[in-house]
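# Notes for the structure review
Read off the chains here:
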Amino acid sequence: MKRRHLLSVVAALALAVIYGCGKEAPPPAPKAAAPAAAPAPEMITVKIGSASPLTGPQAHIGIDIRNGVQLAVEDLNAAGVEIGGKKVKFEMVAEDDEANPTKATTVAQKLADAKVAAVVGHFNSGASIPASKIYADAGIPQISPSSTNPKYTQQGFKTTFRVVAHDDQQGPTLGKFAIEKLKAKSIAIIDDSTAYGQGLADAFEATARAAGAKIVAREHTTDKDTDFSAILTKIKGRKPDLIMFGGIDPQAGPMVKQMVSLGIKAKFIGGDGMQTPNFIKLAGDAAEGMMASMPGLPKDQMPGGKAFVEKYKAKFNAEVELFAPMGYDAVMVFVEAMKRAASADPAKFLPEVGNTNHQGVIGPIAFDDKGDLKNGPITIYVVKGGKWEALETVTPGAPESAEPKAAEKSDAAKK
Amino acid sequence: MDIFLQQLINGLVLGSIYALVALGYTMVYGILGLINFAHGDIVMVGALVTLTVTQALAGSGLPAPVILLIAACAAIAVCILLGISMERVAYRPLRRAPRLAPLITAIGISMLLQYSAALIWGKQYMPMPELIKTDHYAVAGAQFTGLQAFIFLLACAVMAGLLWFIKTSRIGQAMRATEQNPDVAGLMGIDTNRIISFTFLLGSALGALAGVMVVLYYGLGHYFMGFMLGMKAFTAAVLGGIGNVPGAMLGGMLLGLIESLASGYIGDLTGGVLGSNYRDIFAFLVLILVLVLRPSGLMGQRVSDRA
């Protein structure tokens, strides 16, 4: 009699589960059958914002970041996370900032109004900087997976962090590489007039000048142009042995193409914005031998890189463009801070973000007092046989180069 | 000197593309008094169709010129269809409406085309397969590729053909008559609706051709590429005198040259204060000067009822 009663309860529960399935995630297994079960831990939902360009010319890179965040959220939910004794379900709120500084502030406000606990974004420095004020006012911690303009973390906000090396590190690294390894003596510099491109080019120029190279031309274009023949022609007349470009792949691709058709023989080097598979597709054969730097280790040298690339491919059926691993790690950094603070309240876990010491996909992550990544490595790549190949990894801040050979050489030079 | 010559070559190639697109604006304006803002996006569609067809056929083993010819024909066909249906659906019902109404539908059509293209082709920059390895030629130290020469010569040939066609053929005469006065032309037995459709057909075909040239030259396509190109071509049409066919050609070439020379020399002329990203200032400065001194454009006639 009692047993039959119990059975009917279970059956009713099972029915409820089946009908409930359509709307919500199934509730925990029908424990109710067991009498006097401990009360199920309270479930809270924590929203993580993701802000990047999902439409427009840079959509492929923005979607890459969002995918990284989504992957992290799904992994966390699958593993089950408890914060302060409460079970947590994470939810991604992805917004499109169109790579537009004005839209970025609107998006930031929207995320703040949606009460997200933390934000991964934005992609562009030009978007991250204006948006950071809004997050700072709302007290929401922000990790940019990719913004490399130094100004981003220099505004005195406690909420801004990044998991890439910034241009004051990347630019000089490129500059040093150009002078020491490529032996460039006369250099032409082009930037795309954005916070990122110009910042990178400025930092590069300062280092190159200080090292005694001659800057024979400093040109600007925009992030929407595809015709650079006039600029390149002018540069051709100055006969540089290296052309440096601060900008992203939709410009870099046609630029190297036009370089070749103008018969310019100079070497070409750029920043992380053009270190994409798309650059090679856009430039075709002209991409061969072109170089670019990229903060972080090469994907296959990242501690969690290989597994991540495979997981990403299985989930999205696409190659990792650029910053998906950074987006993934940014979420993990937030969640670890929440765990340490035992709270998903930004006001409580924000101080813990600064104390991060996380072994991420991209390597060890720790922040300095400004929120910049400590000892972020930078890798220089070259296009060989239609593929990006790692040439050399440099860790700014750490005097020893990651490559022992280079260290030996500099020792030899000192002697 | 060789650098100056090189800038001239760059400018002429850029200018021939502007000129072809500008023709589409100017012919429609001449006949309807309508600024067809969607024309730049017709060029975009032409470019993307070319890209898709080429990508699809790239591995088929056909010789490259044949593939390109098929792609160009497909682009022209799609654009003609689009242009004619656009006129039917969005402009013809509004022909007697106040001037502002068709202008607004034009902007609407432009967005419709852009975002339909974004749906169909996605929002990424798409690469054009490199089918033809172009050879390099050098004249007095300036380099140009076979492709550049081809673009320039083809544009010139098409424009000469167009001028001849408008001057001598019966349809051309009918177009000119409709341009002068649609009502009277109608009374003379000209089917003005057909002539207007034909104008859109011609403009769209030229636009498609410009699209083919753009993907060949720059090697990439994107759903938003028509916007800036359209703006520049419209400027070129106004520069030459909008409504005037030879004017659009002149305006396009001039704009290409101005842009090229400005970005080449603006930095030196201003002592580095203005960079080459300010080249559009020069282009639009010239436009303003022309409009102040000759309000109807370089080759435009003074027309009392259109300003």
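Residues numbered from 1 in each chain as written. Chains lettered and ligands numbered in written order. Predicted model: local features only at pLDDT ≥ 70, side-chain atom pairs only at ≥ 80, totals over all residues.

## Quick look at the overall build of chain A
Each helix and strand counted, chain A has 13 helices and 15 strands in total. Among the 415 residues that make up chain A, the fraction classed as buried is 53%. Long-range pairs, those at least 24 residues apart, make up 66% of the contacts in chain A with a sequence separation of at least 6. (Helix = DSSP H or I, 4+ residues; strand = E, 2+ residues; numbered from the N terminus. Buried ≥ 20, exposed ≤ 12 C-beta atoms within 10 Å, placed from the backbone. Contact = placed C-beta atoms within 7 Å.)

## Re the overall build of chain B
For chain B, the helix and strand inventory stands at eleven helices and four strands. A globule of 307 residues ought to have a C-alpha radius of gyration of about 19 Å, and chain B, at 20 Å, matches this closely. For chain B, the spread of C-alpha atoms along the three principal axes comes to 60 × 50 × 35 Å. Considering only intrachain contacts with a sequence separation of at least 6, the fraction spanning at least 24 residues in chain B is 76%. (Rg over C-alpha atoms; globule rule 2.2 N^0.38 Å.)

## Here's the deal with unusual backbone geometry
Residues and elements named next belong to chain A. With an omega of -5°, the peptide bond running from Gly-121 to His-122 counts as cis. With respect to the element layout, His-122 can be found in the loop between strand S4 (118–121) and helix H4 (125–138). Phi angles above zero are rare outside glycine, and Lys-183 is one such case at about 55°. Secondary-structure assignment places Lys-183 in the loop between helix H5 (167–181) and strand S7 (186–191).

## Description of the domain arrangement of chain A
Residues and elements named next belong to chain A. Splitting chain A by domain gives domain 1 (43–165 + 300–365) and domain 2 (168–295). In this structure, domain 1 and domain 2 have C-alpha centres spaced 29 Å apart. Taken together, the contact between domain 1 and domain 2 spans 15 residues of the former and 15 residues of the latter. Residue contributions to the side of domain 1 that touches domain 2 peak at three residues, all from H4. Of the residues belonging to the side of domain 1 that touches domain 2, the class tally is six nonpolar, seven polar and two charged. (Domains from an automatic or database assignment. Nonpolar A, V, L, I, M, F, W, Y, C, P; charged D, E, K, R; others polar.)

## Some remarks on the interface of chain B and chain A
Interface size is commonly expressed as the accessible area that is lost once the parts come together. Facing 27 residues of chain B, the contacting portion of chain A comprises 32 residues. Elements supplying a minimum of two residues to the side of chain B that touches chain A: helix H1 (2–32), strand S3 (142–145) and helix H10 (245–269) of chain B. The biggest single contributor to the side of chain B that touches chain A is H1 of chain B, with five residues. Each residue belonging to the side of chain B that touches chain A can be placed in one class, and the counts come to eight nonpolar, 16 polar and three charged.

## A look at the confidence of the model for chain A
All names here are of chain A. Averaged over every residue, the pLDDT of chain A is 84; the share at 70 or more is 85%. Contacts of residues 15–37 to residues separated by more than four positions or lying in other chains number 16 contacts, the stretch itself having pLDDT below 50. Counting interchain partners and residues more than four positions distant, the pLDDT-below-50 stretch residues 398–415 has eleven contacts. (pLDDT = per-residue confidence, 0-100.)

## Focus on the nonpolar core
Grouped together as the largest cluster of nonpolar side chains are 148 residues, with contacts concentrated most on Met-244 of chain A together with Ala-19, Ala-22, Val-45, Ala-75 and Cys-79 of chain B. At 17 residues, H1 of chain B tops the list of elements feeding residues into this core. In this structure, Phe-323, Tyr-328, Ala-344 and Val-394 of chain A belong to the second largest nonpolar core, which totals 60 residues. (Core = buried A, V, L, I, M, F, W, Y, C linked by C-beta atoms within 7 Å.)

## Things to note about the environment of Tyr-135 of chain A
Residues and elements named next belong to chain A. With respect to the helices and strands, the residue Tyr-135 is situated in helix H4. Each C-alpha atom of the pair Tyr-135 and Thr-160 lies 8.4 Å from the other, and the pair is 25 residues apart in sequence. Setting aside its immediate chain neighbours within four residues, Tyr-135 contacts Ala-108, Ala-112, Val-119, Ile-140, Gln-142 and Thr-159.

## A closer look at the sheet that holds strand S8 (residues 214–220) of chain A
Residue and element names in this part refer to chain A. As summarised here, the arrangement of the seven strands in space is S8-S7-S9-S10-S11-S14-S15, forming an open sheet in which the pairing is mixed. Each end of this open sheet is capped by a strand with a single partner; those strands are S8 and strand S15 (387–394). Pairwise comparison of adjacent strand axes, ignoring direction, gives a mean angle of 25° for this sheet. Looking at chain direction, S7 and S8 are connected through six bridges and run parallel. Residue pairing across strands places Asp-191 opposite His-220, the latter belonging to S8. Strands in contact with helix H6 (residues 195–210) are S7, S8 and strand S9 (242–246); relative to S7, the strand with the most contacts, it is inclined by about 165°. (Pairing = 2+ DSSP bridges. Axes fitted to C-alpha atoms, helices over the stretch in contact; angles between N-to-C directions.)

## Description of the sheet that holds strand S1 (residues 43–52) of chain A
Working definition: the strands of a sheet are paired by backbone hydrogen bonds and lie parallel or antiparallel to each other. Residues and elements named next belong to chain A. One open sheet holds the six strands; their spatial order is S2-S3-S1-S4-S5-S6, and the pairing between them is mixed. Both outer strands of the open sheet, strand S2 (81–83) and strand S6 (160–162), are each paired with one neighbouring strand and no more. Recorded for the sheet is a direction-independent mean angle of 35° between the axes of neighbouring strands. Bridging between strand S5 (residues 142–144) and S6 involves three bridges; their strand directions are parallel. For Ile-143, the partnering residue across the bridge sits in S6 and is Phe-161. On top of the sheet, H4 reaches S1, S4, S5 and S6; it is set at about 165° to S5, its chief contact.

## Focus: the confidence of the model for chain B
Looking at chain B, the pLDDT average stands at 88 and 97% of residues meet or exceed 70. For this predicted complex, the interface score ipTM comes out at 0.82, while the overall pTM is 0.74.

## Side note on the packing of helix H6 (residues 170–180) of chain B against helix H8 (residues 192–218) of chain B
Helix-helix packing is characterised by the crossing angle of the two axes and by the distance between the axes. All names here are of chain B. In contact at an axis separation of 10 Å, H6 and H8 are set at 105° when each is read in the N-to-C sense. Taken together, the axis directions place H6 and H8 in an arrangement best described as roughly perpendicular. For the pair formed by H6 and H8, the contact residues are Ile-171, Ala-174, Met-175 and Thr-178 on the first element and Thr-192, Ile-195, Phe-198 and Thr-199 on the second. Looking at the contact of H6 with H8 residue by residue, the class counts come to five nonpolar, three polar and no charged. (Parallel < 35°, antiparallel > 145°, perpendicular 65-115°, else oblique.)

## Details of the pairing of S4 of chain A
Residue and element names in this part refer to chain A. Taking every second residue as pointing to the same face, both faces of S4 are buried, with Ala-118 and Val-120 on one and Val-119 and Gly-121 on the other. Alignment of S4 against S5, held across two bridges, turns out to be parallel. Residue Val-120 lies in a different strand from S5, and its bridge partner there is Ile-143. A crossover links S4 with its parallel partner S5, the connecting element being H4, and its sense is right-handed. (Right-handed = clockwise from strand over helix to strand, strands pointing away.)

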